[in-house]
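# Architecture at a glance
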Amino acid sequence: MAIYKNIVTEADGHITSLIAIQTTKGSLASGTYIGNDGDIRSIQITNADVLDALGIDVYIEAADGTKFYYIQGITIPVAASLVLNDSISFDATKYALKILTNEASDDTAPNISVIIK
């Protein structure tokens, strides 16, 4: 199952939750979770801004606010993509996957596309 998100924000330093912390879904007799959205193979982040590079951070965050960064302070050039595909799975029952976007240098809203597989 893939997750597709387009993120256009007006604020610098905007945080978007890509995958929330999971809870049990339904009542399985085994007590297991239905799916684990943290079991991912790749994250593709595309800068859809036509004028400027955009800054991003991608991290997982525990319920207590502790953050563990996959990437921090990375700049994606205009019309370019960044693919993360090495050791990115996580326990979605303990962490949420989030992305922080920074304002484009032309003071327009950051515009990115995210595909998670």
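Our subject is the structure listed above.
As a starting point, this report considers the structure included with it. (Residues numbered from 1 in each chain as written. Predicted model: local features only at pLDDT ≥ 70, side-chain atom pairs only at ≥ 80, totals over all residues. Heavy atoms only, no water.)

### Overview of the sheet that holds strand β4 (residues 54–62)
This is how the line gets drawn: A strand pair is defined by DSSP finding two or more bridges across the two strands. Only runs of H or I of at least four residues qualify as helices and only runs of E of at least two qualify as strands under DSSP, and these elements are numbered from the N terminus. All axes here are fitted lines through C-alpha atoms, helices being fitted over the stretch that makes contact, and every angle between N-to-C directions spans 0 to 180 degrees.
Taken in spatial order, the 4 strands of this open sheet run β2-β7-β4-β5, and their pairing is antiparallel. In this open sheet, the two edge strands, each paired with only one partner strand, are β2 (14–19) and β5 (67–76). Averaged over all neighbouring strand pairs, the angle between strand axes comes to 20°, with direction disregarded. Bridge count between β2 and strand β7 (residues 95–102): 5 bridges; the pairing is antiparallel. Each bridged residue has a counterpart across the sheet, and for His14 the counterpart in β7 is Thr101.

### Some details on the side chain of Thr16
The test is simple: Whether a residue is buried, partly exposed or exposed follows from its accessible area with a 1.4 Å probe, protein chains only, as a fraction of its type maximum: under 20%, in between, or over 50%, in that order. Whenever two N or O atoms come within 3.5 Å, that pair is a polar contact, provided that in protein one can donate a hydrogen and the other can accept it, and provided that, for residues adjacent in sequence, both atoms are side-chain atoms. Residue contacts are defined here by distance: any two heavy atoms, one from each residue, within 4.5 Å place the two residues in contact.
Along the polypeptide, Thr16 turns up in strand β2. Note on Thr16: relative accessible area 12%, which makes it buried. Only 3.5 Å separates the side chain of Thr16 from the side chain of His14, close enough to count as a polar contact. In this view, Thr16 contacts Ile7, Leu97, Lys98 and Ile99; residues no more than four positions away in its chain are not counted.

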